[in-house]
Amino acid sequence: MLVLARRLNQSFMIGDQIEIVVVDIRGDQVKLGIKAPRDVSIFRKEVYEEIQKENVTAGKQDLDQKTLQNLGNLFKKDQK
Amino acid sequence: MQIETKVFGLVDYEEQQILEFKDGILGFPGFHKYVLLQGPQFDHWELLQSLDDPDLSFLVLKADVVDPEYKPAVSKEDLKKIGLEHIDQGIVLTIITIREGHENISANLQGPIIINASQKLGMQALSNNDAHPVRFYFFRDQGGQ
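Here the structure is a predicted model, which is why all the values come from computation and not from measurement.

Chemist: What's the story with the overall build of chain B in this structure? I'm lost.
Modeler: For chain B, the helix and strand inventory stands at three helices and ten strands. The C-alpha radius of gyration computed for chain B amounts to 15 Å, which stays within 12% of the reference 15 Å derived for 145 residues, consistent with globular compactness. Each of the three principal axes of chain B carries a C-alpha extent, and together these read 45 × 35 × 25 Å. Buried residues in chain B amount to 53% of all 145 residues. In the structure as shown, chain B presents an accessible area of about 6800 Å², 45% of it carried by carbon and sulfur atoms. Within chain B, one finds 12 positive and 22 negative side-chain charges whose respective centroids are separated by 5 Å.

Chemist: I'm lost on unusual backbone geometry in this one. Help?
Modeler: Leave glycine aside and you will find that most residues have negative phi; peptide bonds, for their part, are mostly trans. One non-glycine residue, A:Asn9, adopts positive backbone phi at about 70°. Looking at the secondary structure, you find A:Asn9 in the segment before β1 (11-14). The backbone of B:Lys120 shows a phi angle near 60°, a positive value even though the residue is not glycine. Given a relative accessible area of 32%, B:Lys120 falls into the partly exposed group.

Rules behind the numbers
- Residues numbered from 1 in each chain as written.
- Chains lettered and ligands numbered in written order.
- Predicted model: local features only at pLDDT ≥ 70, side-chain atom pairs only at ≥ 80, totals over all residues.
- Heavy atoms only, no water.
- Helix = DSSP H or I, 4+ residues; strand = E, 2+ residues; numbered from the N terminus.
- Rg over C-alpha atoms; globule rule 2.2 N^0.38 Å.
- Buried < 20%, exposed > 50% of the residue type's maximum accessible area, 1.4 Å probe, protein only.
- Areas by Shrake-Rupley, 256 points an atom, 1.4 Å probe, with all protein chains shown as cover.
- Lys, Arg positive; Asp, Glu negative; His and termini not counted.
- Charge placed at Lys NZ, Arg CZ, Asp CG, Glu CD.

Take it as geometry only, folks, not as evidence of what the structure does.
Have a look at this one:
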């Protein structure tokens, strides 16, 4: 991993279109500003981890016929 | 072709039903081929079944069934990965997680499944909108309306 030391208001570039600026430093929290083209996706790592965890639960859940039937009924009831 | 699925038992499918998820689904990066199967006993539910692992399948609902207003904020760059210019050209599905009690059943609005039906490509996208949670309890949230 590349490690760079930056001070407040200093920045670095990723490629020639993405700039990361150190906006604020308070205690153990750093605020970063990100300048990037609109079509670049930027997410906190926790978002990926949470979706991953939810997928593992959803992808391996036990879907027996009774559960599915109950769901089907629930949904019909829900659609008015 | 046939696959022995955990949910529906032995299922026939055609080659043209196969959807390719080049990046896989988060948590299951090595699995790239899926088919969308319709269950016999319900109208809206479908099963996104992995062809690489018979034990892996996702219960999915079309997004507009979960919430007609829902429109995931997916970047153009991500949509391009499955050959789409605009989200409206794709089929948007939400992965459903079952928990005890119907009020605890949730839909993943933050990580929707987007499918390009004509090119047979699919992906799990990320919606860049704080109003789209990983767990949207749609029975609970619709109750008050």
